[in-house]
Amino acid sequence: MFIQPWDADLDEAEWQTWIAEGHDFGLLSVNGLPGQAPVAVPTHFTSDPGHLLIHLARPNPVWKAIEHDPNVLFTVFGDYAFIPGPWRAKPDTLPTDGVPTSYYTAVQFTSRAHIVDDPEAKAELLRRQLAHFQPDGDHAPVTVDQPPYGRMLPGIRGLRLEVTDVRAKFKYDDHKPVEHRTAVSEHLAERGQDLDLPAAQQQRRRLDRIGPWKP
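From a predicted model like this one, the values you see are computed outputs, not experimental measurements. (Residues numbered from 1 in each chain as written. Predicted model: local features only at pLDDT ≥ 70, side-chain atom pairs only at ≥ 80, totals over all residues. Heavy atoms only, no water.)

Caption draft 1: A look at the packing of helix α5 (residues 178-191) against helix α6 (residues 196-210). Following both chains from N to C, one finds α5 and α6 inclined at 160°, their axes separated by 8 Å at the closest point. Judged by the inter-axis angle, α5 sits roughly antiparallel to α6. Here α5 runs over α6; the crossing is left-handed. On α6, the residues touching Val-178, Arg-181, Thr-182, Val-184, Ser-185, Glu-186, Leu-188, Ala-189 and Arg-191 of α5 are Asp-196, Leu-197, Ala-199, Ala-200, Gln-203, Arg-204, Arg-206, Leu-207 and Ile-210. (Axes fitted to C-alpha atoms, helices over the stretch in contact; angles between N-to-C directions. Helix = DSSP H or I, 4+ residues; strand = E, 2+ residues; numbered from the N terminus. Parallel < 35°, antiparallel > 145°, perpendicular 65-115°, else oblique. Left-handed = near helix turned anticlockwise from the far one by under 90°. Contact = heavy atoms within 4.5 Å.)

What follows is the structure, encoded as structure tokens:
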């Protein structure tokens, strides 16, 4: 992921807060076996200090690839919007001379994958995930020897991704003048489609923190 200086995270707390705000679905990318394409799996995840926790079905083709090479990448992205050219045209040019772009947030975790096959360890991984996704506890206990989860555990494998590096990108035209960024965020709020409002919120938040860009 190419990151311009003005698109970089301001500090670790920025991307950590963004993830904690509910961005818990991403794409696991694994090097393919020799002569084969990479394997990519969209999935929910939870986190432990320094680790991401995932479970996938046992028939998933990702396992052979991980056993061959445990170095993987997990990408989370969101708050994205297409910015049409007229919104980015300079004040002294025709609107049609503006060049469109994409706004988005992306966080990439370079990790070393550890496969979890022990039944009790898999049960604990599921407990951690359910505590995150169903915090009200409205689910049956996850135990190795009782239904419904006990009989399903053999059909899954767990993954503990040991994070070795994190790269975060907040692409919201932070190198542009304050007036331009303010106008674009207003356009996004007015259009209000798909993820326009979250993208506008990210742009305004970055604007408040950064102000005019200083190389």
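Caption draft 2: Representation of unusual backbone geometry within the structure. That bond from Pro-147 to Pro-148 is cis: its omega, 0°, falls within 30 degrees of zero. Turning to its location among the elements, Pro-148 is positioned in the loop between α4 (119-133) and β7 (156-171). With a phi angle near 50°, Asp-79 is a residue other than glycine that sits in the positive phi range. Its place among the elements puts Asp-79 in strand β5 (residues 71-83). Positioned with a positive phi, Asp-173 is a non-glycine residue whose angle comes to about 60°. Here Asp-173 shows up in the loop between β7 and α5. Residue classification places Asp-173 among the buried positions, given a relative accessible area of 3%. (Buried < 20%, exposed > 50% of the residue type's maximum accessible area, 1.4 Å probe, protein only.)

Caption draft 3: Geometry of the nonpolar core. Counting 34 residues, the largest nonpolar core has Leu-28, Val-62, Phe-74, Leu-159, Leu-161 and Leu-188 as the members making the most contacts within it. With five residues, the top contributor of residues to this core is β5. Grouped together as the second largest cluster of nonpolar side chains are six residues, Ala-123, Leu-126, Leu-130 and Val-142 included. (Core = buried A, V, L, I, M, F, W, Y, C linked by side-chain atoms within 4.5 Å.)

Caption draft 4: Layout of the environment of Pro-95. Along the chain, Pro-95 turns up in the loop between α3 (85-88) and β6 (101-116). On the basis of relative accessible area, Pro-95 is assigned to the partly exposed category, the value being 47%. With 34 residues separating them in the primary sequence, Pro-95 and Gln-129 have C-alpha atoms 48 Å apart.

Caption draft 5: Region of interest: the pairing of strand β4 (residues 51-57). The pairing of strand β3 (residues 46-48) with β4 spans three bridges and is antiparallel. Among the inter-strand pairings, Thr-46 is bridged to a residue of β4, identified as Leu-53. Counting the residues in the hairpin turn of β3 and β4 gives two residues, including Gly-50, whose phi is positive at 80°. In this sheet, β7 lies alongside β4 in antiparallel orientation, the contact comprising seven bridges. Looking at β7, one finds that Ile-54 is bridged to Leu-159. (Pairing = 2+ DSSP bridges.)

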